[in-house]
Amino acid sequence: MGRCQDRDDRRFARGRDLFDERHHGGGPFGGGGRRGRRVFDHGDLKLVILRLIANKPRHGYEVIKAVEEALGGQYAPSPGVVYPTLTLLEELGHAAAAAADGNRKLYGATEEGKAFLAANQGTVNAIFARMAEMKARHGDGPPPQIIRAMENLKTALRLKLAGTAPSEEQIRAAAAAIDAAALEIEKL
């Protein structure tokens, strides 16, 4: 690939989401350290998105949901990664966007994009095999919304306990709130 392509890949690599193995143990994407490997290696998400829109034209949101579904709900790329990647694919001539449903764009692969996929078929198959393995291993884990909520609680506690020591009243109130939430969850 040329210098321009390398620059574009670096620009999008900074915004990548990470898969946090703390919630799921080791898996096909890395061992159980504080932070696991990235869900996708450099350039993988671009190939995943291209294959998805080659199989069926999609809006950006549909791409996010398709990746999330392919990974059993354990990871969803952020819009801040997907939409710039769709733009990059369009700039490379691998995708074309058509206006649909107001200002939403419907992306599909071009002939050049399909040829690029064919030339990288082995890599694409390996990426989708890893995704299927992750879904099989972790597909029955907690939904991402629950993981997010647990992380929000941990962050709120960490921020409250950082710096100055909380008063006895604050400690009792926080413990009571957590206990109340646990009781409500048990009732579900």
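Look a little higher up for the structure.
Scope of this entry: the structure provided in the associated data block. From a predicted model like this one, the values you see are computed outputs, not experimental measurements. (Residues numbered from 1 in each chain as written. Predicted model: local features only at pLDDT ≥ 70, side-chain atom pairs only at ≥ 80, totals over all residues. Heavy atoms only, no water.)

Now for the overall build of the chain. In terms of regular secondary structure, the chain is built from eight helices and two strands. Helices (α) and strands (β) of the chain occur, in sequence order from the N terminus, as α-α-α-α-β-β-α-α-α-α. The proportion of buried residues among the 188 residues of the chain is 34%. For the chain, contacts bridging at least 24 residues in sequence account for 62% of all contacts bridging at least 6. (Helix = DSSP H or I, 4+ residues; strand = E, 2+ residues; numbered from the N terminus. Buried < 20%, exposed > 50% of the residue type's maximum accessible area, 1.4 Å probe, protein only. Contact = heavy atoms within 4.5 Å.)

What follows deals with the layout of surface pockets. The calculated volume of the second largest pocket comes to roughly 240 Å³. What lines the second largest pocket is Ile 146, Ala 149, Met 150, Leu 153, Ala 177, Ile 178, Ala 181, Ala 182 and Ile 185. Looking at the lining of the second largest pocket, the elements that each hand over two or more residues are helix H7 (144-161) and helix H8 (168-187). At five residues, H8 tops the list of elements feeding residues into the lining of the second largest pocket. (1 Å grid on protein atoms, 1.4 Å probe; cavity = no way out; pocket = protein on both sides within 12 Å on 5 of 7 lines; lining within 4 Å. Points joined across faces, edges and corners; volume = space filled by probe spheres on them.)

Our next topic: the packing of helix H2 (residues 44-55) against helix H4 (residues 79-91). At their nearest, the axes of H2 and H4 sit 10 Å apart, and the two run at 75° to each other. When the axis of H2 is compared with that of H4, the two are roughly perpendicular. Contacts between H2 and H4 involve Leu 45, Lys 46, Ile 49, Leu 50 and Ile 53 from the former and Val 81, Val 82, Thr 85, Leu 86, Leu 88 and Leu 89 from the latter. When its residues are assigned to classes, the contact of H2 with H4 shows nine nonpolar, one polar and one charged. (Axes fitted to C-alpha atoms, helices over the stretch in contact; angles between N-to-C directions. Parallel < 35°, antiparallel > 145°, perpendicular 65-115°, else oblique. Nonpolar A, V, L, I, M, F, W, Y, C, P; charged D, E, K, R; others polar.)

The next thing to look at is the pattern of salt bridges. In this structure the tally under the stated criterion is six salt bridges. Note that Lys 114 is salt-bridged to Glu 111, the shortest N-O span being 3.9 Å. Remark: Glu 111 and Lys 114 occur in helix H5 (residues 111-119); sequence separation between them is three residues, near one turn of the helix. A residue is classified by how much of its surface remains accessible, and Lys 114, at 38% relative accessible area, is partly exposed. (Salt bridge = Lys/Arg side-chain N within 4 Å of Asp/Glu carboxyl O.)

Let us look at the pairing of strand E2 (residues 105-109). The side chains of a regular strand alternate, residue by residue, between the two faces of the sheet. Bridge analysis of strand E1 (residues 95-99) against E2 gives five bridges, and the strand direction is antiparallel. Looking at E2, one finds that Ala 99 is bridged to Lys 105. Linking E1 to E2, which pair antiparallel, is a turn of five residues; within it Asp 101 sits at a positive phi near 50°. (Pairing = 2+ DSSP bridges.)

Before going further, it helps to examine the nonpolar core. Counting 28 residues, the largest nonpolar core has Phe 40, Val 48, Ile 49, Ile 53, Val 67, Leu 71 and Met 131 as its most contacted members. Elements with a contribution of two residues or more to this core: H2, helix H3 (60-70), H4, E2 and helix H6 (121-138). If we ignore the near neighbours within four places in the chain, the residues touching Val 48 are Phe 40, Val 67, Ile 127, Phe 128 and Met 131. (Core = buried A, V, L, I, M, F, W, Y, C linked by side-chain atoms within 4.5 Å.)

All right, on to the packing of aromatic side chains then. Taken as a whole and judged by the stated rule, the model has one aromatic pair. For the ring pair Phe 40 and Tyr 75, a centre distance of 5.9 Å and an interplane angle of 70° mean the geometry is edge-to-face. Here Tyr 75 lies in the loop between H3 and H4 and Phe 40 lies in the loop between helix H1 (3-13) and H2, a separation of 35 residues in the sequence. The pair Phe 40 / Tyr 75 is uniform in exposure class, with both members buried. A cation sits over an aromatic face here: Arg 51 above Phe 128, 4.2 Å from the ring centre. (Phe/Tyr/Trp six-rings, centres within 6.5 Å; stacked < 30°, edge-to-face > 60°. Lys NZ or Arg CZ within 6 Å of the ring centre and 35° of its normal.)

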